[in-house]
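# Coordinates in review
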Amino acid sequence: METFEQHYNSMMEAIRTYVPNTDLETVERAVQYAAEKHKDQKRKDGSPYIIHPLAVAEIVAEIGLDTDAIVAALLHDCIEDTSASHDEISRLFGSTVAELVEGVTKLTRVEFSTLEEQQVENLRKMFMAMSKDIRVVLIKICDRLHNQRTMEYQSRAKQISKSTETMDIYAPLAHRLGMQKIKWELEDSALQYLDPEGYRELVDYLDAHKAEAEAFMENVQKRISDRLASVGIACSISGRIKHVYSIYRKMKEQNKTLDELYDLYAFRIIVDTISDCYNVLGHIHEMFKLVPGRFKDYISTPKPNMYQSLHTTVIGDEGVPFEVQIRTKEMHETAEYGIAAHWKYKEGIEAGEGKEFEWIRRLLEDQKETDAEDFLHSLKVDMFDDEVFVFTPKGKVISLPAGSTAIDFAYAIHSGVGNTMIGAKINNRIAGYDVKLHNGDIVEILTSKSAKGPSRDWLNICKSNQARSKIKQWFKKEKREENIARGRTSFEGELRRMNISPALLQDEELRPLLLKKLSFDSLDDMYAAIGYGGITAVKAIGKIREDLLKASRSTSAPKETKVLEISQPFQQDRHSNSGVIVEDIDSCMIKFSRCCTPVPGDDIVGFITKGYGVSIHRRDCPNARAANNPDLAARWVNVSWVSGGEKPFATTLEVLAQDRDGLLLDFSSALTSQQIRMKEINGKELPGGRCGFTVTFEVKGLEQLTGVMNRLRGISGVVEVKRGQN
Ligand code: MN
């Protein structure tokens, strides 16, 4: 039987290893407190209950969370299962810990009674929305992980219901939080109970082929590391067999037997820089045969959970396919521990503030695979219009924008429900239409066939666009005369405010012109639209403002003057470098301009800068040409390359291409084949499925550069390759 001491010691070990700055005194107090509270409770296997909180705290420490989270993990079952209260915990351990424990308790109380497919996503979201602090979810996931690890003592029915929950709610959440390792373990453990035979069969198969697999992985690892060592790329490589559930799922999805199993193996290469990632990719594709359609660039387009890596699948000499993942150390940290790793970096900066995690929650709630731009966008925007999740009386979850009311709920169900609503019950009590809904509320709408329909006030009360547009729709249809009168009053009032006489609209020549600009067939149509709120009077007038003003005045507006922009000074910078002779100047500081990145062989000129030596440009650089200004003529000097220089020069190319799968791949392979090592690559998406990127690398001179450019132009999809000029 497992003992208190074993678990206490291994938890302390984890804390010392992963969270060395933990407040040990507080942890010690929490252990004592929890042990006292749980002292009469036993786990299903007969061991003391305190073992469970200790084990959860150990996992929490392993993923790098802070003292508050470790303490909260130790206390996480106290409120639910013992005499402890929120106030007592707050007094003894502070309000943050109390909030965390309270949050975990709330989640523990949620019963996922139905896990219908269309509901699980909402349940996951509700789960997130209920936890104000992301640490609550992280602790809850660790709690579930330990429950899965000790599931064998539960009844068969409980094993199945808990494992279903783990598979549908917890593993996807761990995935979205980017916690790869925990996700794998949750899935494998749940599978073990959901399909014991399938699980056993797979594990037995893998065990039987273990020696073979290890020899194979060792061989591949050695080949890759030898190759990368020979070109001077520092890296660490590891190989593994993919986790059981991912193999299982692929077998089911692709309807394959164990022997037909495709890529069982995954290798991970960790390097120092992003450009090394692409360089390594080039080498891998030279060494092994590529499986088409399997290359994924999650570096330029990270997954919504912040995961970054290059993925490719290749086939070794043995004919065995395997996946290779290439990433930097930072990307690796994020891949293993996800949000927790991110959280670790932010520790100390307002840690624990709900606001800080707002964007993370937003991000997680986003079901669809967002593209890189959206991803960055959601990182930047501080969004507070969170969602709220409420239940119908039958237990269906409805998601609404935060601040929503019963009106929003009614229209979310059906416009017919909204239009015949005469009242609402929240949690079984009659409630006003303007009462804001909270997560977990049960909402019931009372309707009547003789209802008069929505009231205009509802437009100010409701929060969702859906409700607003359905209400407007109703008014548009039901109340045309009223809308015309209302719209006309509003429109003419606005005209008078601008000192324009509404009589102008009666002008037979002007009116058709105005209506055409407004895209309405008649003034009544426009008034009706303003009346039901389809367009505002101000907006309508804005479209015809100039014409109205012109008609009401005889003078015309003075012409605006344009201010000419002063052209930007060109850049001078970069580390000093020689390899160039400046005419008439014996020794001076030389800088190569960043704008045109000249390389030996280029026709170059020098510009004497103020205090920074001579900056070298290509003669066809726009900055050099723009400087034809006679005032500056004296500062341009003739320069030439020193012959026979072997020093490599960094230069930049701009590439325009039709985007397609594997484009970057072909690109990096082409560079590798020319013995070119990338220093930097930046890409962006362009309209029409195109993409543009700038790539920086070192070359010996123009000849080599021309060779590279020609090679790149030969890649399918590449539209243009030119020297960088910015
Ligand atoms: Mn627990």
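Relevant structure appears above.
Let us look at the structure shown here. (Residues numbered from 1 in each chain as written. Predicted model: local features only at pLDDT ≥ 70, side-chain atom pairs only at ≥ 80, totals over all residues. Heavy atoms only, no water.)

For the rest of this paragraph, the subject is the overall build of the chain. A count of helical and extended segments in the chain gives 30 helices and 20 strands. Out of the 726 residues in the chain, the part that is buried amounts to 49%. Intrachain contacts of the chain at a sequence separation of at least 6 include 67% that bridge at least 24 residues. (Helix = DSSP H or I, 4+ residues; strand = E, 2+ residues; numbered from the N terminus. Buried < 20%, exposed > 50% of the residue type's maximum accessible area, 1.4 Å probe, protein only. Contact = heavy atoms within 4.5 Å.)

All right, on to the coordination of the manganese ion then. Taken together, the protein ligands of the manganese ion are His52 (NE2), His76 (NE2), Asp77 (OD) and Asp143 (OD), with distances of 2.2 to 2.5 Å. Here the donor residues of the manganese ion are spaced in sequence according to H-x23-H-D-x65-D. Within this pair, whereas His52 is found in helix α3 (residues 51-62), its partner His76 is found in the loop between α4 (67-74) and α5 (78-81), the two being separated by 24 residues in sequence. (Donors = N, O, S within 2.8 Å, 3.2 Å for Na, K, Ca; no water.)

Going through the model one piece at a time under the given rule, you end up with 28 salt bridges. The partner of Arg29 in a salt bridge is Glu25, and the shortest N-O contact between them spans 3.4 Å. Of this pair, Arg29 and Glu25 both sit in helix α2 (residues 24-37), separated by four residues, roughly a single helical turn. Among the ionic pairs, Arg497 bridges to Glu494, the shortest N-O distance being 2.8 Å. One end of the pair, Arg497, and the other, Glu494, are both in helix α24 (residues 480-497), three residues apart, so they sit about a helical turn from each other. Overall, the relative accessible area of 61% leaves Arg497 in the exposed class. If you follow the salt bridges from partner to partner, you end up with Arg488, Glu492 and Arg496 in one network. (Salt bridge = Lys/Arg side-chain N within 4 Å of Asp/Glu carboxyl O.)

All told, the structure shown has 15 aromatic pairs when counted by the stated rule. With centroids separated by 5.2 Å and ring planes inclined at 85 degrees, the aromatic side chains of Tyr433 and Trp458 adopt a geometry described as edge-to-face. Placement of Tyr433 in the loop between β10 (429-431) and β11 (443-447) and of Trp458 in helix α22 (residues 458-461) is noted, with a sequence separation of 25 residues between them. Residues Trp474 and Phe475 carry aromatic rings whose centres are separated by 5.1 Å and whose planes lie at 85 degrees to one another, so their mutual orientation is edge-to-face. As far as the burial class goes, Trp474 and Phe475 line up, both buried. Grouped by ring-pair contacts, the aromatic residues Phe216, Tyr265, Phe267, Phe288 and Phe322 constitute a single cluster. Over the aromatic face of Phe475 sits the side chain of Arg456, whose NZ or CZ is 4.3 Å from the ring centroid. (Phe/Tyr/Trp six-rings, centres within 6.5 Å; stacked < 30°, edge-to-face > 60°. Lys NZ or Arg CZ within 6 Å of the ring centre and 35° of its normal.)

Bringing the sheet that holds strand β18 (residues 678-686) into the picture now. Reading across the sheet, the four strands line up as β18-β19-β17-β20 and stay open at both edges, with antiparallel pairing between neighbours. Only two strands of the sheet have a single neighbouring strand rather than two, namely β18 and β20 (718-723). Strand after strand, the sheet turns through a mean of 20 degrees between neighbouring axes, direction not considered. Contacts from helix α29 (residues 663-673) reach β17 (649-658), β18, β19 (690-699) and β20, with the element oriented near 20 degrees to β19. Contacting β17, β19 and β20, helix α30 (residues 702-713) crosses the sheet at an angle of about 165 degrees to β20. (Pairing = 2+ DSSP bridges. Axes fitted to C-alpha atoms, helices over the stretch in contact; angles between N-to-C directions.)

Moving on to the sheet that holds strand β13 (residues 590-592). Two modes of strand pairing occur in sheets, parallel and antiparallel, and in both the strands are linked by backbone hydrogen bonds. An order of β12-β16-β14-β15-β13 is seen for the five strands of this open sheet, with the pairing classed as mixed. For this open sheet the edge positions go to β12 (580-582) and β13, each flanked by a neighbour on one side alone. Direction aside, the axes of adjacent strands within the sheet are offset by 35 degrees on average. Where strand β14 (residues 604-608) and strand β15 (residues 614-618) come together, five bridges link them in antiparallel fashion. Across the sheet, Ile604 pairs through a bridge with Arg618, a residue of β15.

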